[in-house]
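Chain by chain, the residues run as shown.
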Amino acid sequence: MSKLIDFQTDPSKYRHWKVTYDGAIANLYMDVDEKGGLFDGYELKLNSYDLGVDIELADIVQRMRFEHPEVKTVVMRSAKENVFCAGANIRMLGGAAHSHKVNFCKFTNETRNTFEAAEKDSGQKYIAAVKGACAGGGYELALACNYIILTDDSTSSVALPEVPLLAVLPGTGGLTRVTDKRKVRRDLADVFCSTEEGVKGKKAKDWKLVDEVVPNSKFDDVVEERAKQFAEQSQKSDVEKGIHLGPLSRTFSEDGSVSYSLVEVTIDREAQVAYISISGPDADAPTTIDELVEQGDQAYLLKLARELDDAILHLRLNEMEIGLLVFKSQGDPDCLLAHEKLLNENQNHWLANEILCYWKRVLKRVDLTSRSMIALVEHGSCFAGVLAELLFSVDRSYMMEDEFEGDNRPLATITLSQSNFGLFPMSNDLTRLETRFLGDPASIDSAKDRVGEALEAAEAEELGLVTMILDDIDWDDEIRIFMEERVSFSPDAMTGMEANLRFAGPETMETRIFGRLTAWQNWIFNRPNAVGEDGALQRYGTGKRGVYNKERV
Amino acid sequence: MVDLINVSYDTQIPNNVGLSEDRKVLKALEKWHPGYINWWNGLIPEQFQKSQVYLRTAVSVDPKGWASFGYVNMPEYRWGVLLAPQVEDRKIPFGEHKGEPAWQEVPGEYRNMLKRLIVIQGDTEPGSVEQQRFLGLTAPSLYDLRNLFQVNVEEGRHLWAMVYLLHKYFGKDGREEADDLLRRSSGSDEAPRMLGAFNEETPDWLSFFMFTYFTDRDGKMQLESLAQSGFDPLSRTCRFMLTEEAHHMFVGETGIGRTIDRTCQVMNENGITDPYDINRIRELGVIDLPTMQKKLNLHYTLSLDLFGQEVSTNAANAFNAGIKGRYMEPRIDDDHQLTNDTYKVWDLVDGKLTHHEVPALTAINMRLRDDYVRDAAGGIGRWNKIIEKAGIEFEMKLPHEAFNRKIGVFANLNFDPEGNLLSDEEYKAGVPQWLPNKSDGDFIQSLMVPVSEPGKYAGWISPPKVGIDSKPGDFEYVKLHMA
């Protein structure tokens, strides 16, 4: 699996989904093209999915918000008879490298979270209208919706058959959402998750696995009625027209570097380091919200979010041996803050809200990236407001102190804004600063007192906003030595350590998915009982059962 | 009417499973039985419920005399629970447990798989009765009416057989599944039967014969494979069901044969030699051979779909687990574990049909379908003999397996009955010649008038060569209740 995976798509390229728009209601049909797998060696039967299918879904969800803000209810259903969705394709999983499986699961998890949050963030409510078999990842798709309707035709069921069938976990949030979101009693959840055929009809409702069970003959009517009803109840203001998300300006070079309009990714393959350089705004902020709408996908903060998002995904999936990501920025922090201010002051406007919510997701994506990450706050940089969040997302930050010889750029500063104090919560539901200063509210208050000030190195260090400040004499050497040391460590230990240190504080459903569920799943993905030659995942489809080592570890 | 409250299960239900001492099953059956009787009474038109039908009833498993014939009111039919005699020291005949003693209780690890197979099999049994519910009103003779009801009550008994297994071996889940077998209903919007072919209409008697010939033959193949099961009660149940199933296919084969015979006879009497002179043939009140071929095409291809995907994980799992074997498993010369064997399955490469080898374990469905195709070909030859004997130039044929398929590699592709891949337009143009359309259906329907005088037959069908239970030609197979 070495071909380049592209996360950019658009409706003209969809092979697996169809969307129709009907005023406030969007109908989303899953209709996976069996022959449309991202890789060779498997067919996507029974609406099973691979990363390619999910990339389309992520695109749909994203466009739903920006291009179709008029939509208040999204009805997700299958265009195939007798099956809603059979989940992730098992042969794809069986044939995929461990690293691909892990990244696949992470991306699908992020997509699930995205449409799940659409109700709260954007007033777009997702309904899963389930007819036919809804198993594994299929039920996980439904679980991430805000409302599940199941037909009562005495055949259709919801199921998480991973454990009995494949010796792996329902790892796209399945186990977690059953208990944490749907609040299924834990013993019933135990029965459910070990029953291959799942649960149907009234029992599914009684066990809280679905919200509503309706007679098959009334199914379509009820789905339509609910869609209308939810749309009417929605608090979302009416928006006539969205903006168009055009293709990104993006060029790949032989050496692995990627050029966007505002983001440059350069790769030092030998050092196993990627530099992600962000450019500040190239123009003044729009003065009115109408002007922002006019700019559409060219609005600075939206364009930057899209490019950064794509860059991160590209590095995750296509540059597996790059162990260290280094964030840099150059630009005018005041101008950047002006762009941000327009959004902050217009949070009730749909587009401002969407751009801010998108940044929340992009920043979470950064948090969840299993690479060592640092930020270099150089002279001339613009780590202000939303971009300052990157400093609190990465594992360490280094800041230039005082003037550097031959460097006439403005002195390095960090500027906090109100948005660093609540607008962009992490998956643990705390702000990055709250996580950084866990149990130390005084530090947060001190930082808050300095909102809007361009903080130079010494001040930033004093406030605890950077890891280390370095002057002209030490900078190059310290950074070099750190990088060399970092990439010399075991990548596994790094991933584990970072994932633990980044998410201090309370657990939420999201942290439980990305921490507990994912970690156990990834452990199982490495165990012979699942992936060994005689393991259940490898043997699936051959008719032979997995052979298990019965030792409990 | 049956006294629903005081059914003596020991006397009312012929059984060889010690029902009267089995408290668990008795309790479950007591709850289920009223629903079943309601289902039956709601299904078959009332005048027939009250009629006396000359039926065979399975009363024991003695191969020399397992059935008794006599007049019965259908609601009082003694649906029995009969299992073929236990073979001493029976071993699991195939799969990874081959050679181990056959299971007498459900092995926990295969509980769900077994239950699913039993439910699917069970779902087809009442499904066909539902499909055929109105045919009694247009029976071409009392002989045929009796055969219809024979098939119906025996499908009902097969439902009982599956329900017994669910009640006996699958606890609470099994009872719920048994209830759902009565809840689903053929062609229902609410809760349709599980398999497509059992939701199609059986609108006329030719369809009924085609159904019993082609679709019940799928049932036979499924029962044959389940009869090999390492789960002994399932094996024994299915072995006994097969003795009854043979009659259903007999009804189909002779029904089609008699229809063909009658058409040829009328053509000859009227000096028609061209089988495609359809209008003239139809005007004489018989069904032209090309239309019969179309009906054959439809029912055969629907039945092929019942075998599922050519390459199937579920089928492989069930075989390897020792739950569901192959047709004539003991006669197959291999290791019965399929460790290194391959099997040829159809594939479509660049628009061309080809065969390619896949691990035999995954091709269990394909193999069973191949066996089915061979088995189904037998009757075609015998029908063609009738046509040949009448001196008419026409040959009935099984269409290519790729034609008109909704499941498997050929699904929803445009193949003609010879197996050529066509464009959308070519296919659309050809369909009226290959599959029955509404006007064909209307014509057949127009011939469907009931004949209820003993020994008399509707004009479109010949009398049988011999009667049931060696009864004479004018035997009153059904004493109709006249309201």
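### So, the overall build of chain A
Each helix and strand counted, chain A has 22 helices and 23 strands in total. Whereas a compact globule of 553 residues would reach a radius of gyration of roughly 24 Å, chain A reaches 24 Å, a difference of no more than 12%. Projected onto its principal axes, the C-alpha coordinates of chain A cover approximately 75 × 55 × 45 Å. Looking at the 553 residues of chain A, the share that counts as buried comes to 59%. Restricting to contacts in chain A with at least 6 residues of sequence separation, those with at least 24 account for 75%.

### Some remarks on the overall build of chain B
Each helix and strand counted, chain B has 14 helices and five strands in total. For chain B, the spread of C-alpha atoms along the principal axes amounts to about 65 × 65 × 45 Å. Taken across its 483 residues, chain B has 59% of its residues classed as buried. Considering only contacts within chain B whose residues lie at least 6 apart along the sequence, 72% involve residues at least 24 apart. Carbon and sulfur atoms provide 50% of the accessible area of chain B, an area that totals close to 19,600 Å². Of the charged side chains in chain B, 53 are positive and 71 negative; the average position of the first set lies 3 Å away from that of the second.

### Brief notes about helix H2 (residues 23–43) of chain B
Residues and elements named next belong to chain B. Between its first and last C-alpha, H2 extends 30 Å over 21 residues, near the 30 Å set by a 1.5 Å rise per residue. Trp 32 marks the point of greatest bend in H2, at about 30°, and the proline Pro 34 comes within the next four residues. Taken as a whole, H2 has its buried residues at Val 25, Leu 26, Ala 28, Leu 29, Trp 32, His 33, Tyr 36, Ile 37, Trp 39, Trp 40 and Leu 43.

### As for the confidence of the model for chain B
Across chain B, pLDDT averages 92, with 98% of residues at or above 70. Every residue in residues 1–7 of chain B scores below 50 in pLDDT, and together they form ten contacts with partners more than four places removed in sequence or on other chains.

### What about a nonpolar patch on the surface?
A cluster of nonpolar side chains, namely Trp520(A), Trp523(A) and Val553(A), defines an oily patch on the protein surface of about 350 Å² accessible area. Assignment of secondary structure puts Val553(A) in the segment after helix H22 (536–539).

### So, helix H11 (residues 313–320) of chain B
Burial runs high along H11(B): seven of the eight residues are buried. In the core, the buried residues of H11(B) are packed alongside helix H2 (90–95) of chain A together with helix H4 (111–131) and helix H12 (364–389) of chain B. Just downstream of H11(B) lies Gly322(B), where phi reads positive at about 85°.

### What about the side chain of Lys360(A)?
Residue and element names in this part refer to chain A. Relative to the helices and strands, Lys 360 is located in helix H13 (residues 350–367). Within the structure, the side chain of Lys 360 is placed 3.0 Å from the side chain of Asp 121, a separation counted as a polar contact. Residue contacts for Lys 360: discarding those within four places in its chain leaves Asp 121, Leu 423, Phe 424 and Pro 425.

### Remarks on the sheet that holds strand S22 (residues 454–455) of chain A
All names here are of chain A. Taken together, the three strands give an open sheet; going across it, the order is S19-S21-S22, and neighbouring strands pair in mixed fashion. Every other strand in the sheet has two partners, leaving strand S19 (383–384) and S22 as the edge strands with one partner each. By the bridge criterion, two bridges tie S19 to strand S21 (residues 414–415) in an arrangement that is parallel. Opposite Ala 384, over in S21, you have Thr 415 as the bridge partner.

### Considerations on the side chain of His16(A)
Residue and element names in this part refer to chain A. As for its position among the elements, His 16 is in the segment before strand S1 (17–22). According to the relative accessible area criterion, His 16 is buried, its value standing at 2%. A distance of 3.1 Å separates the side chain of His 16 from the backbone nitrogen of Asp 33, its partner in a polar contact. In this structure the side chain of His 16 is engaged in a polar contact, spanning 3.3 Å, whose partner is the backbone oxygen of Gly 36.

### Examining the interface of chain B and chain A
Tallying the contact residues gives 26 residues for chain B and 20 residues for chain A. Roughly 1,900 Å² is buried in total at the junction of chain B and chain A, and carbon and sulfur atoms are behind 35% of that figure. Together, Asn112(B), Glu190(B) and Thr313(B) form the three largest contributors to the area buried by chain B at its contact with chain A, with a combined 26%. Arg116(B) is paired through a salt bridge with Glu196(A); the nearest N and O atoms lie 3.2 Å apart. For the interface between chain B and chain A, the tally reads 13 residue pairs in polar contact (both at pLDDT 80 or more). Sorting elements by how many residues they give to the side of chain B that touches chain A places helix H6 (residues 171–183) of chain B first, with five residues. Broken down by class, the residue content of the side of chain B that touches chain A amounts to six nonpolar, eight polar and twelve charged.

### A word on the sheet that holds strand S2 (residues 67–73) of chain B
Residue and element names in this part refer to chain B. Taken together, the three strands give an open sheet; going across it, the order is S2-S1-S5, and neighbouring strands pair in antiparallel fashion. With partners counted over all chains shown, the strands left at the sheet margins are S2 and strand S5 (478–479), one partner each. Pairing geometry for strand S1 (residues 52–58) and S2, over seven bridges, is antiparallel. Pairing of Gln 52 across the sheet is with Asn 73, part of S2. Seen against the sheet, helix H5 (residues 142–169) touches S1, S2 and S5 and runs at an angle of roughly 40° to S1.

### Focus: the pattern of salt bridges
Any two side chains of opposite charge can pair, so long as their charged atoms come close to each other. Counted by the stated rule, this structure contains 79 salt bridges over all chains. In this structure, the salt-bridge partner of Lys360(A) is Asp121(A), at a minimum N-O distance of 3.0 Å. Of this pair, Lys360(A) sits in helix H13 while Asp121(A) sits in helix H3 (residues 98–122), and the two are 239 residues apart along the sequence. This pair shows no difference in class: Lys360(A) is buried, exactly as Asp121(A) is. Glu310(B) serves as the salt-bridge partner of Arg369(B), at 3.0 Å between the closest nitrogen and oxygen. Here the residue Arg369(B) occupies a position in helix H12, and Glu310(B) occupies one in the loop between helix H10 (289–305) and H11, the gap between them amounting to 59 residues. The burial state of Arg369(B) is the same as that of Glu310(B); both residues are buried. Here the salt bridges share partners, and the residues they tie into one network are Asp152(A), Lys200(A), Glu177(B), Asp180(B) and Arg183(B).

Each value, and the rule that gives it
- Residues numbered from 1 in each chain as written.
- Chains lettered and ligands numbered in written order.
- Predicted model: local features only at pLDDT ≥ 70, side-chain atom pairs only at ≥ 80, totals over all residues.
- Heavy atoms only, no water.
- Helix = DSSP H or I, 4+ residues; strand = E, 2+ residues; numbered from the N terminus.
- Rg over C-alpha atoms; globule rule 2.2 N^0.38 Å.
- Buried < 20%, exposed > 50% of the residue type's maximum accessible area, 1.4 Å probe, protein only.
- Contact = heavy atoms within 4.5 Å.
- Areas by Shrake-Rupley, 256 points an atom, 1.4 Å probe, with all protein chains shown as cover.
- Lys, Arg positive; Asp, Glu negative; His and termini not counted.
- Charge placed at Lys NZ, Arg CZ, Asp CG, Glu CD.
- Expected span 1.5 Å × (residues − 1).
- Bend = angle between axes of the 7 residues up to and from the residue.
- pLDDT = per-residue confidence, 0-100.
- Patch = residues over 30% accessible without salt bridge, like charges linked within 9 Å, V, L, I, M, F, W, Y side chains within 5 Å.
- Salt bridge = Lys/Arg side-chain N within 4 Å of Asp/Glu carboxyl O.
- Polar contact = N/O pair within 3.5 Å; in protein donor to acceptor, adjacent residues only side chain to side chain.
- Pairing = 2+ DSSP bridges.
- Buried area = accessible area lost by both parts, 1.4 Å probe.
- Nonpolar A, V, L, I, M, F, W, Y, C, P; charged D, E, K, R; others polar.
- Axes fitted to C-alpha atoms, helices over the stretch in contact; angles between N-to-C directions.

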